[in-house]
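Below, each chain spelled out in residue letters.
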Amino acid sequence: MKKVDRRILKSQEAMKKAVIELMTEKNFDDITIQDIADRANINRGTIYLHYQDKFDLLDKLIEMHINELAEMGEWACRLDWNNGLLPFFEYFEKNYLFFSTMLVSKGAPSFRTRLFDFITEGFIGEIDKESGRNKDLSEDVMLQYTGNAYVGVIEWWIRNGMPSSPQAMAKQVGALLERSL
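Below is a summary of the structure that appears in this document. (Residues numbered from 1 in each chain as written. Predicted model: local features only at pLDDT ≥ 70, side-chain atom pairs only at ≥ 80, totals over all residues. Heavy atoms only, no water.)

1. Focus on the overall build of the protein
Phase 1 of the analysis: Regarding its fold elements, the protein presents nine helices and zero strands.
Phase 2 of the analysis: For the protein, the N- to C-terminal ordering of α and β elements is α-α-α-α-α-α-α-α-α.
Phase 3 of the analysis: With the principal axes as the frame, the protein shows a C-alpha extent of 60 × 40 × 30 Å.
Phase 4 of the analysis: For the protein, the residues scored as buried account for 40% of the 181 residues in total. (Helix = DSSP H or I, 4+ residues; strand = E, 2+ residues; numbered from the N terminus. Buried < 20%, exposed > 50% of the residue type's maximum accessible area, 1.4 Å probe, protein only.)

2. A few points about the layout of surface pockets
Phase 1 of the analysis: Considered as a void within the structure, the largest pocket measures approximately 340 Å³ in volume.
Phase 2 of the analysis: The wall of the largest pocket is formed by 17 residues, among which Gly73, Cys77, Phe88, Gly122 and Phe123 lie closest to the centre.
Phase 3 of the analysis: For the lining of the largest pocket, the secondary-structure elements that each account for two or more residues are helix 4 (54–76), helix 5 (81–94) and helix 7 (109–123).
Phase 4 of the analysis: Here the element with the most residues in the lining of the largest pocket is helix 7; it accounts for five residues.
Phase 5 of the analysis: Empty space within the second largest pocket amounts to approximately 290 Å³.
Phase 6 of the analysis: Secondary-structure elements contributing two or more residues to the lining of the second largest pocket are helix 1 (6–25), helix 4, helix 5 and helix 6 (96–104).
Phase 7 of the analysis: Split by residue class, the lining of the second largest pocket holds seven nonpolar, two polar and five charged. (1 Å grid on protein atoms, 1.4 Å probe; cavity = no way out; pocket = protein on both sides within 12 Å on 5 of 7 lines; lining within 4 Å. Points joined across faces, edges and corners; volume = space filled by probe spheres on them. Nonpolar A, V, L, I, M, F, W, Y, C, P; charged D, E, K, R; others polar.)

3. Section: helix 4
Phase 1 of the analysis: Along its 23 residues, helix 4 runs 33 Å from first to last C-alpha, staying within 8% of the 33 Å computed at 1.5 Å per residue.
Phase 2 of the analysis: Within helix 4 the residues assigned to the buried category are Lys54, Asp56, Leu57, Leu58, Leu61, Ile62, His65, Ile66, Leu69, Met72 and Ala76.
Phase 3 of the analysis: The inward-facing, buried residues of helix 4 abut helix 1, helix 2 (33–40), helix 3 (44–50), helix 5, helix 6 and helix 7.
Phase 4 of the analysis: Looking at where helix 4 begins, the residue whose side-chain oxygen comes 3.1 Å from the main-chain nitrogen of Phe55 is Asp53. (Expected span 1.5 Å × (residues − 1). Contact = heavy atoms within 4.5 Å. Polar contact = N/O pair within 3.5 Å; in protein donor to acceptor, adjacent residues only side chain to side chain.)

4. As for the nonpolar core
Phase 1 of the analysis: By size, the foremost hydrophobic cluster in this structure holds 52 residues, and its most contacted members are Met23, Phe89, Phe92, Phe99, Met102, Phe111 and Tyr150.
Phase 2 of the analysis: Among the secondary structure elements, those contributing two or more residues to this core are helix 1, helix 2, helix 4, helix 5, helix 6, helix 7, helix 8 (139–159) and helix 9 (166–180).
Phase 3 of the analysis: Ranked by residue count, the leading element in this core is helix 4, at eight residues. (Core = buried A, V, L, I, M, F, W, Y, C linked by side-chain atoms within 4.5 Å.)

5. Side note on the pattern of salt bridges
Pairing is possible between side chains of opposite charge, provided their charged atoms come close.
Phase 1 of the analysis: All chains considered together, the criterion is met by nine salt bridges.
Phase 2 of the analysis: The partner of Arg112 in a salt bridge is Glu155, and the shortest N-O contact between them spans 2.9 Å. Of the two residues, Arg112 sits in helix 7 while Glu155 sits in helix 8, which places them 43 residues apart along the sequence.
Phase 3 of the analysis: Between Lys129 and Glu139 there is a salt bridge, with its nearest N and O atoms 3.1 Å apart. (Salt bridge = Lys/Arg side-chain N within 4 Å of Asp/Glu carboxyl O.)

6. Quick notes on the side chain of Asp56
Phase 1 of the analysis: Following the sequence through the fold, Asp56 ends up in helix 4.
Phase 2 of the analysis: Residue Asp56 is classed as buried on the basis of its relative accessible area, which comes to 13%.
Phase 3 of the analysis: Among the polar contacts listed, one links the side chain of Asp56 to the side chain of Lys60, at a separation of 2.6 Å.
Phase 4 of the analysis: Beyond its immediate sequence surroundings of up to four residues, Asp56 is in contact with His50 and Tyr51.

Here it is in structure tokens:
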């Protein structure tokens, strides 16, 4: 695997950080490439070396976070709900600026849909089909219910300044998901 130059990584991180910071200040449609370049302290042309436009930059940033969540999901799904959800809530806490911008301030409405789709995809294999307690329930309805509940709790937690620790959130949400699925 080819090693990426540190200067390139530093520039890409500066651009990603700049677009998120700018989205906390103004509507994404009002942000220009020049705004991003100025905030990132780079030349405007540098942005075009890495991204087609500001939409591509935002899309790659969203994709990066969804991919990181997916990597966690690969091993976390083998744990019980409490222990499996803890790394996710720690990740949301660590990346507070991104998630607060994308979910709470409605910086990119498509992000909530992408997060919801990612979450419900992960819940598909978690539905209890063995005990019979869900025999009269539609899998689609269960996925809609639990997916929206989980994303809604994340939004609430972030909007309210994370009033509970990631550990407390994982424990509570884990208990609720275990009851629901």
